[in-house]
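# Coordinates in review
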Amino acid sequence: MSPGALLHTTLIYVVLIQWAQCCVPSTIQAQVPVEVQAGYVVSKVNVGDCGRKTFYFSTCDPDFTVLPDGTIVTVRLTRVTPEGKSFCVYAQDQRHHRWKVDVTLTHTEEPQPPQHKTGVLRRFRRRWSPPPIYIQENAPPPYPKDLEQIGSDSSQNQSVYYRISGPGVNMHPVGVLSCEDLSGMLRIHRPLDREEFPQLIFTARVYNKFTHKETDLPLPITVHIEDVNDNAPEFVGSLLYTVEENSKTGTVVGQINATDMDEPNTSHTKIRYILLSGTEYFSIHSFSGVISTKLPTLDREIQEKHLVTVEIRDMGGASNGLFNTATATISVTDVNDNAPTFSQTTYQTRVEENKADILVLRIPVDDKDLKGTPNWKAIFKIVKGNEKGYFKVNTDPETNEGLLYVIKPMDHEEGGHLLLELEAENEAPLVGRGGWNKASVEVTVVDEDEGPVFSPPILTLRVQENVPNGTLIGTYTAVDPETKDGKGIKYYEETDPAFWISVDENTGHLKTTNIIDRESKFVSNGMYNITVRAIDTSKKRGIGTVLIIIDDVNDNNPVITVPDHTLCEKEGELGSITLYAEDADAKPYGGPFTFELGEGADGKWKLKDAKGYSVVLQQAVALPSDNYKVPVVVKDLQGVGSEQVVNVRVCECVRSTPGEEECVALKRSAALGSWGVLAMLLALLLLLLLVLLFAFICSTEKEKIYMDDGSGGMLLKSNTEAPGEEVKADPFLMVCPSPVEAVDAQSKGQGTGLGVGLGGGLEQEALNQQNMYQENAFQTSTREYMTTDGQTNYYSSGHYGQGFYGDAGYVSYSEAFDTWRTNELYLDKKLMYFCEEEDGRYADDLLKDYGYEGEGSSVGSLDCCSQMAAEEDSMDFLDSLGPKFRLLANACTRTSQEEE
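In this text the structure is predicted, and so the values were computed from the model without any measurement. (Residues numbered from 1 in each chain as written. Predicted model: local features only at pLDDT ≥ 70, side-chain atom pairs only at ≥ 80, totals over all residues. Heavy atoms only, no water.)

## Focus: the overall build of the chain
Let me state the cut-off plainly: In DSSP terms, a helix is any run of H or I states spanning at least four residues, a strand is any run of E spanning at least two, and both are numbered starting from the N terminus. For every residue, the accessible area obtained with a 1.4 Å probe (protein chains only) is divided by the maximum for its type, and the residue is called buried under 20%, exposed over 50%, and partly exposed between those limits. Residue contacts are defined here by distance: any two heavy atoms, one from each residue, within 4.5 Å place the two residues in contact. Accessible surface is estimated by sampling points in the Shrake-Rupley manner with a 1.4 Å probe; for residues, cover comes only from the protein chains shown.
Within the chain, the secondary structure is distributed over 6 helices and 59 strands. Counting over 900 residues, the chain shows a buried share of 34%. Contacts in the chain between residues at least 24 apart in sequence constitute 63% of all its contacts with a sequence separation of at least 6. Just so you have it, the chain exposes about 54,300 Å², and 53% of that area is on carbon and sulfur atoms.

## Re unusual backbone geometry
Note: most residues except glycine have negative phi, and most peptide bonds are trans. Looking along the chain, the bond that leaves His172 and enters Pro173 is cis, with omega of -5 degrees. Residue position: Pro173 is located in the loop between strand S12 (160–165) and strand S13 (177–179). In this model, Gly591 is joined to Pro592 through a cis peptide bond whose omega is 5 degrees. Assignment of secondary structure puts Pro592 in the loop between strand S46 (576–582) and strand S47 (594–597). Within the chain, Asn466 stands out as a residue other than glycine whose phi angle is a positive 65 degrees. Mapping Asn466 onto the fold places it in the loop between strand S36 (458–464) and strand S37 (472–475). Backbone geometry places Asp609, a non-glycine residue, at a positive phi of 55 degrees.

## Digging into the pattern of salt bridges
Rules: Note on definitions: salt bridges are taken to be side-chain nitrogens of Lys or Arg within 4 Å of carboxyl oxygens of Asp or Glu.
A complete count under the given rule lists 23 salt bridges for this structure. With a closest N to O distance of 4.0 Å, Glu304 and Arg300 form a salt bridge. Using a relative accessible area of 10% as the deciding quantity, one classes Arg300 as buried. Across the salt bridge formed by Glu494 and Arg533, the nearest N and O atoms sit 2.5 Å from each other. A residue pair is termed long-range when its members are at least 10 positions apart, and Glu494 in strand S39 (residues 490–495) and Arg533 in strand S42 (residues 527–535) qualify at 39 residues. Several salt bridges converge on common partners, so that one network encompasses Arg300, Glu301, Glu304 and Asp334.

## Regarding the confidence of the model for the chain
Quick note on the threshold: pLDDT is defined as a per-residue confidence score from the predictor, taking values between 0 and 100.
Residues at a pLDDT of 70 or more form 72% of the chain, whose mean pLDDT is 77. Predicted confidence for residues 667–671 stays below pLDDT 50, and this span has 2 contacts to residues more than four positions away or in other chains. Below pLDDT 50 for its whole length, residues 799–818 participates in 55 contacts with residues either more than four positions away or in separate chains.

## Side note on the environment of Phe287
Within the secondary structure, Phe287 sits in the loop between strand S22 (282–284) and strand S23 (290–293). With 15 residues separating them along the chain, Phe287 and Arg272 place their C-alpha atoms 5.0 Å apart.

## Observations regarding the state of the cysteines
Selection rule: Note that a disulfide, as used here, is simply two cysteine sulfur atoms within 2.5 Å.
By the definition in use, this model includes 3 disulfides. Between the sulfur atoms of Cys60 and its disulfide partner Cys88 the distance amounts to 2.4 Å. A residue pair is termed long-range when its members are at least 10 positions apart, and Cys60 in the loop between strand S4 (56–59) and strand S5 (64–66) and Cys88 in strand S8 (residues 85–92) qualify at 28 residues. Taking relative accessible area as the criterion, Cys60 reaches 43% and is therefore assigned partly exposed. Each sulfur in the disulfide pair Cys651 and Cys663 lies 1.7 Å from the other. Around the S-S axis, the bridge from Cys651 to Cys663 shows a dihedral of about -70 degrees and counts as left-handed. Linking Cys651 in strand S51 (residues 641–651) with Cys663 in strand S53 (residues 662–663), this pair joins segments that are 12 residues apart in sequence. Residue classification places Cys663 among the buried positions, given a relative accessible area of 0%.

## What to know about the layout of surface pockets
This is how it is decided: Method remark: on a 1 Å grid restricted to protein atoms, a set of points is classed as a cavity if a 1.4 Å probe fits but cannot get out and as a pocket if it is open with protein on both sides within 12 Å along at least five of seven lines; lining residues have an atom within 4 Å of a point. Grid points are joined across faces, edges and corners, and a volume is the space filled by probe spheres set on the points. Under this grouping Gly is polar, as are all residues other than the nonpolar Ala, Val, Leu, Ile, Met, Phe, Trp, Tyr, Cys and Pro and the charged Asp, Glu, Lys and Arg.
The volume enclosed by the second largest pocket comes to roughly 1,100 Å³. Lining the second largest pocket are 34 residues, with Phe57, Ser58, Thr266, Ser267 and Lys270 positioned closest to its centre. Among the residues making up the lining of the second largest pocket, the classes are represented as 12 nonpolar, 13 polar and 9 charged.

## Description of the packing of aromatic side chains
What counts, and what does not: Aromatic rings from Phe, Tyr and Trp, with only the six-membered ring used for Trp, were paired whenever their centres fell within 6.5 Å, and each pair was classed as stacked if the ring planes differed by under 30 degrees, edge-to-face if by over 60, and tilted otherwise.
This structure, assessed with the given rule, holds 11 aromatic pairs. Geometrically, the ring pair formed by Phe64 and Phe87 is stacked, given 4.2 Å between the ring centres and 10 degrees between the ring planes. Of this pair, Phe64 sits in strand S5 while Phe87 sits in strand S8, and the two are 23 residues apart along the sequence. Each of the two residues, Phe64 as well as Phe87, counts as buried. Pairwise contacts between aromatic rings join Phe55, Phe57 and Trp99 into one cluster.

## Overview of the side chain of Ser247
Cut-off, in case you're wondering: Throughout this description, a polar contact denotes any pair of N or O atoms lying within 3.5 Å of each other; where both atoms belong to protein, one of them has to be capable of donating a hydrogen while the other can accept it, and for residues adjacent in sequence the pair is counted only when both atoms sit in side chains.
Along the chain, Ser247 falls in the loop between strand S18 (240–244) and strand S19 (252–255). One polar contact links the side chain of Ser247 to the main-chain carbonyl oxygen of Glu244, over a distance of 2.5 Å. Residues within four places of Ser247 in sequence aside, it is in contact with Thr293, Leu295 and Pro296.

## Here we look at the sheet that holds strand S41 (residues 509–512)
Spelled out, the test is: Only when DSSP finds a minimum of two bridges between them are two strands counted as paired. Between N-to-C directions, angles span 0 to 180 degrees; the directions come from axes that are lines fitted to C-alpha atoms, helices contributing only their stretch in contact.
Spatially, the 3 strands line up as an open sheet ordered S37-S41-S40, and their pairing is antiparallel. Here the strands that pair on one side only, and so sit at the sheet edges, are S37 and strand S40 (501–503). Strand-to-strand twist in this sheet, taken as the mean axis angle between neighbours without regard to direction, amounts to 25 degrees. Pairing of S37 with S41 involves 3 bridges; the strand directions are antiparallel. Counterpart to Gly474 in the pairing with S41 is Leu510.

## Points about the pairing of strand S1 (residues 27–31)
Residues of S1 alternate between two faces, with Ile28 and Ala30 buried on one and Thr27, Gln29 and Gln31 left unburied on the opposite face. The pairing of S1 with strand S9 (residues 98–106) spans 5 bridges and is parallel. Paired with Ala30 across the strands is Leu105, a residue of S9.

## Notes on a nonpolar patch on the surface
So the rule is basically this: Like-charged residues are merged into a patch within 9 Å and nonpolar side chains (Val, Leu, Ile, Met, Phe, Trp, Tyr) within 5 Å, provided each residue has over 30% relative accessible area and no salt bridge.
Where nonpolar side chains cluster on the molecular surface, the patch consists of Leu684, Leu685, Leu686, Leu687, Leu688, Leu689, Leu690, Val691 and Leu692 and spans about 890 Å² of accessible area. Along the polypeptide, Val691 turns up in helix H2 (residues 664–699). Given the relative accessible area of 48%, Val691 is considered partly exposed.

## Quick word on the sheet that holds S36
Note: strands within a sheet are paired through backbone hydrogen bonds, in either parallel or antiparallel orientation. Reading across from one edge, S36-S43-S42-S39 is the order of the 4 strands in this open sheet, with mixed pairing throughout. The open sheet has two edge strands with one neighbour each: S36 and S39. Each neighbouring strand pair of the sheet contributes to a mean axis angle of 30 degrees, computed without reference to strand direction. Alignment of S42 against strand S43 (residues 541–551), held across 9 bridges, turns out to be antiparallel. Within S43, the position partnered with Ala534 by the bridge is Gly542.

## A word on the nonpolar core
Generally speaking, a soluble globular protein has its nonpolar side chains buried in company with each other. Let me state the cut-off plainly: The nonpolar core is taken to be a set of buried Ala, Val, Leu, Ile, Met, Phe, Trp, Tyr and Cys residues, with the residues joined through side-chain atoms within 4.5 Å.
Residues Leu510, Val532 and Val546 are the most contacted members of the largest nonpolar core, which totals 24 residues. Element by element, the count of residues in this core is highest for S42, at 4 residues. Leave out the neighbours within four places in its chain, and Val532 touches Phe454, Tyr476, Tyr491, Tyr492, Glu494, Val503, Leu510, Gly542, Ile543, Gly544 and Val546.

## Considering the environment of Pro409
Along the polypeptide, Pro409 turns up in the loop between strand S32 (402–406) and strand S33 (417–426). Between the alpha carbons of Pro409 and Tyr390 there is a distance of 7.2 Å; along the sequence they are 19 residues apart. Ignoring sequence-local partners within four residues, the contact set of Pro409 consists of Asn354, Lys355, Ala356 and Tyr390.

## So, a negative patch on the surface
To keep it simple, the criterion reads: The sign given to each residue is positive for Lys and Arg and negative for Asp and Glu; His and the chain ends receive no count. In this description, the location of a charge corresponds to atom NZ of lysine, CZ of arginine, CG of aspartate or CD of glutamate.
Negative charge collects at one region of the surface, where Glu413, Glu414, Asp447 and Glu482 lie side by side. With respect to the element layout, Asp447 can be found in the loop between strand S34 (437–446) and strand S35 (453–454).

See below:
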C-alpha cells in the first residue's frame, strides 16, 4: 500500500471514530429534587445521531439504571446533597466500543419559611452532612474495617458523642456496624452479601456529652453494598421444545430463559447464550436466548429428537464470567410429507360369479409418517374400472391395508376380466411436491353353473279386472345362461298373495285362477306382484318377478261413508248435515258424484252445495224430534249408482260439536243406564254372598247326639218270660245291647231309640246311668228323663233271652209295643239314620240267630268285653278266658281268613 493510501485510510478511520464519539454525549447535567423517589426519570442518554447502531447501557451507581433506549431512572429512594451527586453511565455498541457519560445531579435550595423577627438574634445550626458510604459485598478480612467518620457541626461548640441504631446495628443483621462514640468512626465487623442485604439504612444521632441531649437532628445514613460477580446464571423453565419437520430457515423453536442473582442491569447479570451442540440445525441469539432453525432440512423420519447443549455465561460472555450448561430437547413433529406407497404396482385376484359382500383382496401400503395419525392413515379410492359399482374398498384401521370387497354379484358371461385402478391417499393433505400413488388390480370372474335366468328380470303385464278364470295374460320363461336354451326348465309359482295366477309348469303361461279385483287389499296403486320360480334339470333355480297392472272397470257404486247422523234442533233455524261419498273405482269410474233425493223424501228434505264428493242435506221444513230415513241417490261420472238411506235423528242436543252431537234423551238414558248397571252389580254381589253362606253351612259338620236302643234291635212284642224256641244254630254268645244311635242335631229334644214312642212329650233326655247284670244272661238298664213340666223321672227296662220288660210306673208294656204308631215313629228315625250314615252301617241292625246256652252257664257274658274294648282298656284279660272263648276265637279267625 502506498503512503498516500495509508494516510487516506487513517484519516477516514479517525473521522469515523470522532463521529462515533460525537454521537454519544460525554456529560449530562440534570436538576432533581432533594429526595428522588424510585422510578423517577432523571434524564436520557441521547444516541439518536448515531444512526442504526445498537447500544447496551450500564451504570456505576446501583441507585440508578439505564433502560435500553438510554433513559436514566432511579432504582430506589435517593437523597441528593446540596453539593450534588455524580455518577457515570457506560454505552457499548455491537463492536464492543465503550463510551463513558458523566452524569451530574443538582438541586436548588428549598425555600425557607419566613422568619419572625423578635429582636433577639438566634443562630441556626446547619444540617450535618452524611458522607456517601459504599462497601463491597463479601469483602475479604481482616475485620473490623473502618468505613467512614461522621461529624456534626455541633461538635465545634460542644462536647458530643455519637450513637447509631437500626438495621445492621441493633436490628437484623445485628452487630454488623458500629460507631466510635467520640470520633464518630463507622466500622463494619463482618462481610455482607448483596443478594441478601443490598443496602443498610441506619440512623446516627449526636448527643451532648454532659447533658446527654441531642445537639443536632438525627441523620439517616445509607450503606450501599456493592455487587461482585459471585453468582452464576441459572436456567429457568422447561427445556422441551417442538418444531415441525421441513420448517423454513429462521423458524423460531423456542427461547431459553435464565436469571442471575447479581445486581440487575450490570455486566454481572448480562447473560450470553451459546450453543455447544446441534449447531448444524439450530442457532441461538446471544442475548435473547431464542433458538431458531438454521436449515430447512429437519426430517422426523431421519431423526425425531435433537439434544442441544446450551451454555449461559454472565459478564456478557467474557471469559471471566460465571456460567452454567444444560441440555434442551427439541422434538421434530410430523407433517404429511410422505404419501402411502403400494408394495407392488399390479395385483391379481379371482372372484366367483353371483357372489356378493365378500372380501376378495387385501392391499398393503407403506407410509413413513407417524403411525396412527392422519398423516399415516390411508384412504383408498377406485378411480377407474368400477363404473357398474361391483366393488368398494375400505381401510383396515389396524394394518392400514386396503380391503377390496365385491358388493354386487358379477356375471361371467357379461365379462370375465375387470381391471381396476386404485389410488392411496391420506386423511391429511400432502405437504410438499409430488402426488398420490396408484396401483392396478386385475379381477378374474370365475364361471360356475348358474340357475335359469328370466328375461327380463321383471316382466310387466296389463290385465283388466274381473276377467274370466283361465284367461291367458302372458308368458314368462327363463333360459340357461351357459347354453342360452330353455329346454327342460320347469316353472312354478313362488309367491302369489291372492292366488289369482297359475303358472304352466312346462310353458310358463300365466293364467287367471280367480277373479282379479283392483280394489283388493293385495293391490297397491293398481299393481299386483307375483314371483315365478324356474328350475332346470340340475335343480338350479332362478326367480323372476311379474308386475301386473290392473285396469279398472266400473264395478263399484258410490257409497255414503257415514249413513247415520244426528241433527241438532236450533230455534228459528233449519238444521243441516254434510254427506260424504266415496267410490272404490278409479277415474273415470269414480267421482265427482251427483246427488239426488230418492222417492219418499216427501218434501221434508232438500240437497244443496254439492261439491263433487259431498253434499249438504238440509231440512226443507221444521221437523219434530224423531228418527228419519232419507233416501239419497249417488251416481258416479258414468251415471252408475244406487239409492241409499241416510238415518237422521232430529233432537235437542246437549252437545252440538260437529261429529260429536249428543241428544238430551240419550244423555238421560245413559244416566239411567248407569244406575241400572249399579243395581245389577249390587244384585250380583248379593248373590255371591248367598253362595258363600250356603257353602259355609254345607261344609260345617252337623252336631250329633247318641241314643241308646235298649231293645237290641227288636221291634216285635213277646209275652214269653221263659226261654223261647230253641234255635237251631251254632253256639254263640249273648249279644250286648245295640250301640247308641246317632241322629241329626235337628232331632234334639225328642225321645229316641226304644223310648221314642214312650216319651213323645219329652224336651230333653240324658243318659245318666246304665247298669247291666249278666247273671243267667239277664240284662237291665235305667234311664233318667225330664218331662215337659220340669219333673225328673226314671225308666227301667230289660230283657231275658228274647223277652223284654219295662218299668210299670212309667208306661205299660202293651202301650209301648202294641201300637203301630210307636213302630212307625221308630222306623222313621231309623230310616233317617240310614240315609245319613255310611252304606254299610245298616248291617249292624239286621236280625241274627243266636244259640241258647241255658241258665247258669259257667262262661260269663261277653258284654264286658265289648265295653272294655270300647273304652280302649288293656286286653290282658283275654288270656284268662275259658276254653269256649278260644273255640269262638278260632271260629272267628277262620271266618275272617275265608272272607279275605
